[in-house]
Amino acid sequence: MKIAVCVNHVPDTETKIKINSDTISIDTNGVNFMLSPYDEFAVEEALRIKEKQNGDVTVISLGNDTHKETLRKALAMGVEKAVLLKSDGARDSFGIAFALAEELRQMAPDIILFGKQSIDYDDAQVGTLVAEMLNLPSVAVVVKLDVQNGKAICEREIEGGHEVVETKLPAVILAQKGLNEPRYPSLKGIMAAKSKPILEKPAVLAEMRVETIQLRKPPAKGAGKVVGTDKSAVPELIRLLHEEAKVI
Amino acid sequence: MKVLAFAEQRDNKFKKSAFETVKAARGIADQLGAEFVALVIGSGVAQVAADLGAYGATKVIVVDDPSHAQHSNTACAKVIATIATKEGATLIMLPASQMGKDLAPRVAVKLNAGLAADCVALKVQDGNVIATRPVFAGKAIIDVRVKTLTKVFTLRPNVFTAAASQGSAAIEKTSVALEPSDFGSVVKEVKVATGRPDVTEADIIVSGGRGLKGPENFYLIEQLADVLGAGVGASRAVVDAGWRPHDEQVGQTGKTVSPTMYVACAISGAVQHLAGMSSSKYIVAINKDKDAPIFQVADYGIVGDVFEILPELTSELKKTLGK
């Protein structure tokens, strides 16, 4: 079984976002980057499928040299091969998906895994764009995956419940938290990752379809009222919610 | 010019996000002086399609076919793209629900369109639609313009209004031929979780954090939620500790929510949590620590012990709300 996992290198969740004076990009000075959390579930799932059914796993990322850190993390977890599609400038979801699809078309994996969304621009669209570009079925927001006999049975989250979705392979699967508990790279894995190759090639980018006009901070919210410090404040809170906020 | 809105239904009932999408799309069509059409896809949906008239649809295209009884994203996307082409619609709007997010990229590729996902505001400026969407889980906001002729937008649920008004819609039934190969993946079963609303759709959310000390104390959150008809949310700390299921997690690695009221109980307010809920209209915080960051975004706060305050709040609300 040939498995590909697409991953992104993103600011960690504790990052306070600062916007550059160009008003279309963020200031990355002092920002810690990491393997996007949902992509980590995707890497783990790829490794589990490989361990159960044999096969090989390739991890792919699109970006500049800094993405090698995230690729090394996946290699340290146990992935064998890494591909960096090099691209330095601005790009949109469509452009990223196009470049990934070009690479994946040649690779022709049985399963392509993504995180359900990258936690930077939060589009949650790249994986499904790639699926459509490759004319493959896809299942998004997957919390349970069972691969067997050329098909996959997935359980995916929807509003207020789960859907059980059956898909033929090859397919694109988008991982959600809950799918698995990602392993920590072992010391041996980290050492081994250093000598695993990262294949670098230029990304085949498509023309951008979405243009950024402005990136800005959300309107600051002023601190509100402290209604009290014990349960005697409850009637006043209810009054405020009823009369002032009118939410109950 | 023509705007097409996809009205999502499940079990032949429209989702609130369907009404929100139709109403917002109709508003944009009016500003652009464009025609407007709504699209409903399903099996046995013809009866409910007229409901969209109250949200500004004057014409609803209905694709009612037994093959859509079990949802398939690949088949459904083909129907939307086919109808959009037939209608000559160049602005396509879908809810950014789990279903909509699954369809929009496919529709965009089929129509050579650019896609602005998870929009929280749309405005018309010089004949262009400017879409506003949160990024970095709401730590920043981006305004974008789709450059392609055909444009696809998904609209975040619970953000756009869905107030009903007078109006009726003409129903036009049509069909789109599908091949077995169009059904690449198919929903086999839907499992409904709890009776409580999902946090992405709830008007009110009551959320609990580590200060509740253990999963056994979450009944305090659930009781308050049930009095308010609210959804139950949780912080990352309690989900990672295994106290609560991950589908309740609010924050950057959970769900981003925009309810009318968010009640944060014993949640300190880590950056990644605030990112996921600070667009709530009203925020109530109950926390022992007066310096907790949650108070910096809260409209109303009680600096106190949740174990004392929550039972009191639940019982007082029961009286107030007559439950």
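Residues numbered from 1 in each chain as written. Chains lettered and ligands numbered in written order. Predicted model: local features only at pLDDT ≥ 70, side-chain atom pairs only at ≥ 80, totals over all residues.

Novice: For the interface of chain B and chain A, give the residues involved together with the corresponding values.
Specialist: In this complex, chain B contributes 74 residues to the contact, which on the side of chain A involves 68 residues. The element contributing the most residues to the side of chain B that touches chain A is strand S13 (residues 185-192) of chain B, with 8 residues. Here the side of chain B that touches chain A is built from residues that sort into 36 nonpolar, 20 polar and 18 charged. Sheet topology note: the strand S9 (residues 161-168) of chain A/S13 of chain B ladder contains 7 bridges and is antiparallel. Counted as the bridge partner of Thr-167 of chain A is Ser-185 of chain B from S13 of chain B. (Contact = placed C-beta atoms within 7 Å. Helix = DSSP H or I, 4+ residues; strand = E, 2+ residues; numbered from the N terminus. Nonpolar A, V, L, I, M, F, W, Y, C, P; charged D, E, K, R; others polar. Pairing = 2+ DSSP bridges.)

Novice: Let's hear about the nonpolar core: which residues, and what values?
Specialist: Of all hydrophobic cores here, the largest spans 194 residues; its most connected members are Val-5, Ala-74, Val-130, Val-142 and Ile-173 of chain A together with Leu-39 and Ile-80 of chain B. For Ala-74 of chain A, the contacting residues outside a window of four places in its chain are Val-5, Val-7, Leu-35, Val-43, Val-59, Val-79 and Ala-82 of chain A. (Core = buried A, V, L, I, M, F, W, Y, C linked by C-beta atoms within 7 Å. Buried ≥ 20, exposed ≤ 12 C-beta atoms within 10 Å, placed from the backbone.)

Novice: Account for the sheet that holds strand S13 (residues 225-228) of chain A, naming residues and giving values.
Specialist: A sheet is described by the order of its strands in space; here 6 strands give the open sequence S13(A)-S18(B)-S17(B)-S16(B)-S14(B)-S15(B), paired in parallel fashion. Two strands lie at the open edges of the sheet, namely S13 of chain A together with strand S15 (231-234) of chain B, each paired on one side alone. Between one strand axis and the next, the sheet turns by 20 degrees as a mean value, whatever way the strands run. As paired elements, strand S14 (residues 204-208) of chain B and strand S16 (residues 261-265) of chain B share 5 bridges and run parallel to each other. Each bridged residue has a counterpart across the sheet, and for Ile-205 of chain B the counterpart in S16 of chain B is Tyr-262 of chain B. With respect to the sheet, helix H6 (residues 234-244) of chain A is in contact with S13 of chain A together with strand S18 (300-303) of chain B, its orientation differing from that of S13 of chain A by roughly 135 degrees. (Axes fitted to C-alpha atoms, helices over the stretch in contact; angles between N-to-C directions.)

Novice: Give me the lowdown on the packing of H6 of chain A against helix H8 (residues 306-320) of chain B, citing residues and values where you can.
Specialist: The N-to-C vectors of H6 of chain A and H8 of chain B enclose an angle of 50 degrees; their axes lie 10 Å apart at closest approach. By the criterion of interaxial angle, the relationship of H6 of chain A to H8 of chain B is oblique. The two elements H6 of chain A and H8 of chain B cross, and the hand of that crossing is right-handed. Two secondary-structure elements touch here, H6 of chain A through Val-234, Pro-235 and Ile-238 of chain A and H8 of chain B through Ile-309, Glu-312, Leu-313, Glu-316, Leu-317 and Thr-320 of chain B. Of the residues in the contact of H6 of chain A with H8 of chain B, the class split is 6 nonpolar, 1 polar and 2 charged. (Parallel < 35°, antiparallel > 145°, perpendicular 65-115°, else oblique. Left-handed = near helix turned anticlockwise from the far one by under 90°.)

Novice: If you had to explain the sheet that holds strand S12 (residues 170-174) of chain B to someone new, which residues and values would you point to?
Specialist: Residue and element names in this part refer to chain B. Here we have 7 strands laid out as an open sheet, ordered S7-S11-S6-S1-S4-S5-S12, and parallel in their pairing. If you trace the sheet from one side to the other, it starts and ends with strand S7 (114-119) and S12, each paired once. Strand-to-strand, the axes of this sheet are offset by a mean angle of 20 degrees, without reference to chain direction. As judged from the 5 bridges shared by strand S5 (residues 59-64) and S12, these two strands associate in the parallel manner. Residue pairing in the sheet places Lys-59 in a bridge with Ala-170 of S12. With respect to the sheet, helix H1 (residues 16-32) is in contact with strand S1 (2-6), strand S4 (35-42), strand S6 (91-95) and strand S11 (151-155), its orientation differing from that of S6 by roughly 155 degrees. Taken strand by strand, helix H3 (residues 73-87) contacts S1, S4, S5 and S6, and its axis lies near 155 degrees from that of S4.

Novice: Account for unusual backbone geometry, with residues named and values stated.
Specialist: Each neighbour pair has its own omega, and for Leu-169 of chain A with Pro-170 of chain A the value is -5 degrees, a cis peptide bond. As for its position among the elements, Pro-170 of chain A is in the loop between S9 and strand S10 (171-175). For Thr-23 of chain A, which is not glycine, the phi dihedral falls at a positive 55 degrees. Looking at the secondary structure, you find Thr-23 of chain A in the loop between strand S2 (9-11) and strand S3 (33-35). Phi at Asn-158 of chain B is positive, roughly 75 degrees, even though this residue is not glycine. For Asn-158 of chain B, a count of 23 C-beta atoms within 10 Å corresponds to the buried category.

Novice: Could you give an account of helix H2 (residues 67-77) of chain A, naming the residues involved and the relevant values?
Specialist: Residue and element names in this part refer to chain A. The element H2 is largely enclosed, with a buried count of 9 among its 11 residues. Taken as a whole, H2 has its buried residues at His-67, Thr-70, Leu-71, Arg-72, Lys-73, Ala-74, Leu-75, Ala-76 and Met-77. Phi turns positive one or two residues past the end of H2, at Gly-78, with a value near 135 degrees.

Novice: Account for the pairing of S18 of chain B, with residues named and values stated.
Specialist: In S18 of chain B, alternate side chains face the same way, and those of Tyr-300 and Ile-302 of chain B on one face and Gly-301 and Val-303 of chain B on the other are all buried. With 3 bridges connecting them, S13 of chain A and S18 of chain B associate as parallel partners. Across the sheet, residue Gly-228 of chain A finds its bridge partner in S18 of chain B, namely Ile-302 of chain B. As defined by bridge partners, strand S17 (residues 282-287) of chain B adjoins S18 of chain B across 4 bridges and the pair is classed as parallel. Bridging across to S18 of chain B, Val-284 of chain B finds its partner in Tyr-300 of chain B.

Novice: Explain the packing of helix H4 (residues 126-133) of chain A against helix H4 (residues 98-110) of chain B residue by residue, including any values.
Specialist: Following both chains from N to C, one finds H4 of chain A and H4 of chain B inclined at 45 degrees, their axes separated by 8 Å at the closest point. With respect to each other, H4 of chain A and H4 of chain B are oriented oblique. Between H4 of chain A and H4 of chain B the crossing geometry is right-handed. Across from Thr-128, Leu-129, Glu-132 and Met-133 of chain A in H4 of chain A, the residues of H4 of chain B making contact are Asp-102, Pro-105, Arg-106 and Val-109 of chain B. Residues of the contact of H4 of chain A with H4 of chain B, tallied by class, amount to 4 nonpolar, 1 polar and 3 charged.

Structural measurements only, silent on function.
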